[in-house]
Protein chains: 2
Amino acid sequence: MTDTAPGTATTSRRYGTRPTMKDVAARAGVGLKTVSRVVNGEPGVTPDTERRVKEAITALGFRRNDSARILRKGRTASIGLVLEDLADPFYGPLSRAVEEVARAHGALLINGSSAEDPEREQELVLALCARRVDGLVVIPAGRDHRYLAPEIAAGVATVFVDRPAGRIDADAVLSDSFGGARDGVAHLIAHGHRRIGFLGDQPGIHTAEERLRGYRTAMAEAGLPVDDAWVSLGPTDPERVRAAAIEMLDAPEPVTALFAGNNRVTVTVVRVLAGRPRPVALVGFDDFELADLLSPGITVIAQDSAQLGRTAADLLFRRLDGAGGEPRRVVLPTRLIARGSGELTPAP
Amino acid sequence: MTDTAPGTATTSRRYGTRPTMKDVAARAGVGLKTVSRVVNGEPGVTPDTERRVKEAITALGFRRNDSARILRKGRTASIGLVLEDLADPFYGPLSRAVEEVARAHGALLINGSSAEDPEREQELVLALCARRVDGLVVIPAGRDHRYLAPEIAAGVATVFVDRPAGRIDADAVLSDSFGGARDGVAHLIAHGHRRIGFLGDQPGIHTAEERLRGYRTAMAEAGLPVDDAWVSLGPTDPERVRAAAIEMLDAPEPVTALFAGNNRVTVTVVRVLAGRPRPVALVGFDDFELADLLSPGITVIAQDSAQLGRTAADLLFRRLDGAGGEPRRVVLPTRLIARGSGELTPAP
């Protein structure tokens, strides 16, 4: 790390203390109400007084504080987005889509992540409510959202996305995790596989459980048994996923195909398979960048993360515009993209 | 898209109107000051009155509004992060690192993106200032930040990251774009290349210009001429990059190697090269997921995007804690990771 200080000198100062309207009033020699009138462009101030107030504003570097207007008006023209992980590429297009919709409605997007921690989710959601966002789009980490009920009753429109709310009734926009996983596993079965492993996200996460249900359903529909050793749910960190995959692949009767429950899992499985001589079929839930350029290309169940974000944000703004009625659940379809890895047949 | 409404009926309501302290005071039959005391845990309220106020709060679903406290206290315990693009994977680890530091300081992170539009950057920055964030971390889209000077003078600590501020003197945390690009191009030259193309981001973007300068310097240091046809700067959308790459590769005297100016460019170049029979060497600025699993693996100049975010946020909080002195410029080193694509020798 190098550290070069540019030549231009600036005065040392302390941050975080700002001139107030009171300071402006004192400097201009007028009352607080007069400053407020000038700042908010209200009538009832003589040109000379206005000029004095404006000079004081410039001299002090005073900036209007939106907090005061929020107190008066009730609406803040901002919405909050609570993500699961800012660094998961799945959420990039989703966030961008929510931001585009917010912007089209003249609202600022305030964004934070729970890091898959239910307590942190609650802390963040309540912090956003305390700042009086008009509405929230939430990718929940937790399974119990009763803490949000008073906020929703108090008027904070809330739409859940990617995963539904738990223990409260709220709008939700989801991908068809069950149907997508069932399609993916049926695809592997159609290519001759009988022993198929499922590597998923943590139990308790709605999408992980729905995808597992899709796997079990496809196996049952084909009349295939599921060995307990073929199912592994848990954190998506590479070490856990790698160990679980290797265990299935090195078993006396090894799996010949794997279904990966999300893009984080798929990427690790691709690394594991790259180091092994025997080809193993793979279908992953979620598309990801460069999946088509690997050898073989990775067959995926693609969900449209931008469309999830757009749909959730549109629903949120319809609620803010007064749309009443029961909470809605919107389920978006998934799409199987065959690229090679899911079309490998069982090794003899 | 299917749409299923769950069975539980809820009452239709309008969002965005909330009970105020005044409503609570009216219902409890007390004055506004008494409600304020109860809400803020201040003394001077009899147990019976406190109970009446709390009942009214529960009945009305009243929630405290932080705007009022912000007005009183000056500090908001929040910082703003202005990104270039929420969907660019380079910024994921950077955002997460800024959020971790903010959280360690008990501050909320408010996040938005400029979509590489200087006007939108300014709009977003000023909206964040109007909401009284204590400080800002900015990945600038524009080249003129004089609009921020009054905010900085008014006490908003500001640290630029990835790219420096333009026309004002401000803290900046950068990667060594010049040195990294020079290293990458020298690496290609060391593998026998003489005709090397440079595909970069738009002119006017600091990192794009620094990387081009690194390219030109490495070529000059090796005594190699640079043909104008070997340099292409512009938007990083795949169509533009693809056309520019093909033009260099199909020229009468084609380039034998390419240097890609950032991860968005590299990914497109990888796609272009995948469809061609003759091997072409490639070094890309920025590491990216799966770069090692492509065939050949992609040689990159890696910058530590999480470290950029952490360093910028640490500097911001030091400023907020009173650290004075001249604006600082911190430059983080880059690292060449050889994986195969950058070690290909010129096709005969």
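Residues numbered from 1 in each chain as written. Chains lettered and ligands numbered in written order. Predicted model: local features only at pLDDT ≥ 70, side-chain atom pairs only at ≥ 80, totals over all residues. Heavy atoms only, no water.

- As annotated in an unreviewed UniProt entry, chain A carries the name LacI family transcriptional regulator and comes from Streptomyces bingchenggensis.

## Examining the overall build of chain A
Consideration 1: A tally of regular secondary structure across chain A gives twelve helices and 13 strands.
Consideration 2: Rg of the C-alpha trace for chain A: 27 Å, well past the compact-globule value of 20 Å for 348 residues, more than 25% over.
Consideration 3: For chain A, with 348 residues in total, the buried portion stands at 55%.
Consideration 4: Across chain A, the fraction of contacts at a sequence separation of at least 24, relative to all contacts at a separation of at least 6, is 66%.
Consideration 5: For chain A, the accessible area works out to roughly 14200 Å², and carbon and sulfur atoms hold 51% of it.
Consideration 6: Considering chain A, the positive charge centre built from 44 side chains and the negative charge centre built from 45 side chains are found 8 Å apart. (Helix = DSSP H or I, 4+ residues; strand = E, 2+ residues; numbered from the N terminus. Rg over C-alpha atoms; globule rule 2.2 N^0.38 Å. Buried < 20%, exposed > 50% of the residue type's maximum accessible area, 1.4 Å probe, protein only. Contact = heavy atoms within 4.5 Å. Areas by Shrake-Rupley, 256 points an atom, 1.4 Å probe, with all protein chains shown as cover. Lys, Arg positive; Asp, Glu negative; His and termini not counted. Charge placed at Lys NZ, Arg CZ, Asp CG, Glu CD.)

## Comments concerning the sheet that holds strand 10 (residues 281-285) of chain A
Picture the strands of a sheet paired through backbone hydrogen bonds; they go either parallel or antiparallel.
All names here are of chain A.
Consideration 1: The six strands are arranged 8-7-9-10-11-13 in an open sheet whose pairing can be described as mixed. Because the sheet does not close on itself, it has two edges, and the strands there are strand 8 (231-233) and strand 13 (335-337). The sheet shows a mean angle of 15° between the axes of neighbouring strands, taken without regard to direction.
Consideration 2: For strand 10 and strand 11 (residues 299-302), the ladder comprises three bridges, and the chain directions are parallel. Paired with Gly-284 across the two strands is Val-300, which belongs to strand 11.
Consideration 3: Seen against the sheet, helix 10 (residues 238-249) touches strand 7 (196-200), strand 8 and strand 9 (257-260) and runs at an angle of roughly 170° to strand 7.
Consideration 4: The sheet contacts of helix 11 (residues 263-274) involve strand 7, strand 9 and strand 10, and relative to strand 10 the element is tilted by about 160°. (Pairing = 2+ DSSP bridges. Axes fitted to C-alpha atoms, helices over the stretch in contact; angles between N-to-C directions.)

## Some points on the packing of aromatic side chains
Residues and elements named next belong to chain B.
Consideration 1: A full pass over the atoms with the stated rule returns six aromatic pairs over all chains.
Consideration 2: Taking 5.3 Å as the distance between ring centres and 40° as the angle between the ring planes, the aromatic pair formed by Phe-198 and Tyr-215 counts as tilted. Taken together, the positions of Phe-198 in strand 7 (residues 196-200) and Tyr-215 in helix 9 (residues 206-221) put the pair 17 residues apart, joining distant regions of the chain. For the pair formed by Phe-198 and Tyr-215, the shared burial category is buried. (Phe/Tyr/Trp six-rings, centres within 6.5 Å; stacked < 30°, edge-to-face > 60°.)

## Observations concerning the pairing of strand 5 (residues 157-161) of chain A
Walk down a regular strand and you will see the side chains alternate between the two sheet faces.
All names here are of chain A.
Consideration 1: When you tally the buried positions in strand 5, you get five out of five residues, the bulk of the element.
Consideration 2: The alternating pattern of strand 5 places Ala-157, Val-159 and Val-161 on one face and Thr-158 and Phe-160 on the opposite face, and all of these are buried.
Consideration 3: With four bridges joining them, strand 4 (residues 135-138) and strand 5 adopt parallel strand pairing. Note that in strand 5 the partner of Gly-135 across the bridge is Ala-157.
Consideration 4: Across three bridges, the pairing between strand 5 and strand 6 (residues 171-175) is parallel. When the bridges of strand 6 are listed, Val-159 appears paired with Asp-171.

## Re the confidence of the model for chain A
Residues and elements named next belong to chain A.
Consideration 1: Confidence in the prediction of chain A, expressed as mean pLDDT, is 88, and 90% of residues score 70 or more.
Consideration 2: Low pLDDT (under 50) marks residues 69-74, which in the prediction has eleven contacts with non-local residues, meaning those over four places away or in another chain.
Consideration 3: Overall fold confidence for the complex sits at a pTM of 0.78, while the interface term, ipTM, reaches 0.75. (pLDDT = per-residue confidence, 0-100.)

## Side note on the packing of helix 2 (residues 32-39) of chain A against helix 3 (residues 47-60) of chain A
All names here are of chain A.
Consideration 1: The interhelical angle for the contact between helix 2 and helix 3, taken along N-to-C directions, is 85°, at an axis separation of 10 Å. Here helix 2 is positioned roughly perpendicular relative to helix 3, judged by the angle of their axes. Here helix 2 contributes Thr-34, Val-35, Val-38 and Val-39 to the contact with helix 3, which in turn contributes Thr-49, Glu-50, Val-53, Lys-54 and Ile-57.
Consideration 2: Residues that form the contact of helix 2 with helix 3 fall into these classes: five nonpolar, two polar and two charged. (Parallel < 35°, antiparallel > 145°, perpendicular 65-115°, else oblique. Nonpolar A, V, L, I, M, F, W, Y, C, P; charged D, E, K, R; others polar.)

## Quick notes on the pattern of salt bridges
Residue and element names in this part refer to chain A.
Consideration 1: Scanning the model with the defined rule gives 40 salt bridges over all chains in all.
Consideration 2: When the shortest N-O distance is used, the salt bridge between Arg-276 and Asp-250 registers 2.4 Å. Residue Arg-276 is found in the loop between helix 11 and strand 10, and its partner Asp-250 is found in the loop between helix 10 and strand 9; the two are separated by 26 residues along the sequence. (Salt bridge = Lys/Arg side-chain N within 4 Å of Asp/Glu carboxyl O.)

## Section: the domain arrangement of chain A
A common measure of how large an interface is: the accessible area buried when the components associate.
Residues and elements named next belong to chain A.
Consideration 1: Under the domain assignment, chain A is made up of domain 1 (16-64), domain 2 (77-175 + 306-332) and domain 3 (177-304).
Consideration 2: Placing a centre on the C-alpha atoms of domain 2 and another on those of domain 3 gives a separation of 29 Å.
Consideration 3: Domain 2 puts 13 residues into the contact, and the matching count from domain 3 is twelve residues.
Consideration 4: A buried area of about 1100 Å², summed over both sides, lies between domain 2 and domain 3, and 46% of it is on carbon and sulfur atoms.
Consideration 5: Interface area lost by domain 2 to domain 3 is led by Phe-90, Arg-143 and Ser-175, which between them contribute 41%. (Domains from an automatic or database assignment. Buried area = accessible area lost by both parts, 1.4 Å probe.)

## Re the side chain of Thr207(A)
Consideration 1: With respect to the element layout, Thr207(A) can be found in helix 9 (residues 206-221).
Consideration 2: Contact partners of Thr207(A), with chain neighbours within four places excluded, come to Asp162(A), Arg163(A) and Ser177(A).

## Here's the deal with the nonpolar core
Consideration 1: If you look at the biggest cluster of nonpolar residues, it comprises 88 residues, and the most contacted ones within it are Leu258(A), Tyr215(B) and Leu258(B).
Consideration 2: For Leu258(B), the residues in contact, after removing those within four places along its chain, are Leu188(B), Gly197(B), Leu199(B), Met248(B), Leu249(B), Val269(B), Val280(B), Ala281(B), Leu282(B) and Val283(B).
Consideration 3: Membership of the second largest hydrophobic core comes to 40 residues, among which are Leu148(A), Leu124(B), Cys129(B) and Val138(B). (Core = buried A, V, L, I, M, F, W, Y, C linked by side-chain atoms within 4.5 Å.)

## Looking at the sheet that holds strand 7 of chain B
Residue and element names in this part refer to chain B.
Consideration 1: Spatially, 8-7-9-10-11-13 is the arrangement adopted by the six strands of the open sheet, whose pairing is mixed. Each edge of the open sheet carries a strand with a single partner, namely strand 8 (231-233) and strand 13 (335-337). Here the strands of the sheet are splayed against their neighbours by 15° on average, with no regard to which way each runs.
Consideration 2: The sheet contact formed by strand 7 and strand 8 spans three bridges and is parallel. In the strand pairing of strand 8, Leu-199 is matched with Ser-232.
Consideration 3: Against the sheet, helix 10 (residues 238-249) touches strand 7, strand 8 and strand 9 (257-260), its axis set at about 170° to strand 7.

## With respect to the side chain of Asp286(A)
Residues and elements named next belong to chain A.
Consideration 1: In this structure, Asp-286 sits in the loop between strand 10 and strand 11.
Consideration 2: Although Asp-286 lies buried, it forms no salt bridge, and the closest oppositely charged side chain, Arg-211, sits 4.6 Å away as judged by the N-O distance.
Consideration 3: Among the polar contacts made by the side chain of Asp-286, one reaches the main-chain amide nitrogen of Asn-263 at a distance of 2.9 Å.
Consideration 4: Looking at Asp-286, its side chain comes within polar contact range of the side chain of Gln-303, at 2.6 Å.
Consideration 5: Once you skip the residues sitting within four places of it in the chain, Asp-286 turns out to touch Phe-90, Asn-262, Asn-263, Val-300, Ile-301 and Gln-303. (Polar contact = N/O pair within 3.5 Å; in protein donor to acceptor, adjacent residues only side chain to side chain.)

## Observations concerning the environment of Ala312(A)
All names here are of chain A.
Consideration 1: By the secondary structure assignment, Ala-312 is in helix 12 (residues 305-320).
Consideration 2: Taking the C-alpha atoms as reference, Ala-312 lies 19 Å from Asp-286; in sequence the two are 26 residues apart.
Consideration 3: Setting aside chain neighbours within four positions, we find Ala-312 in contact with Val-137, Val-159, Val-161 and Val-173.

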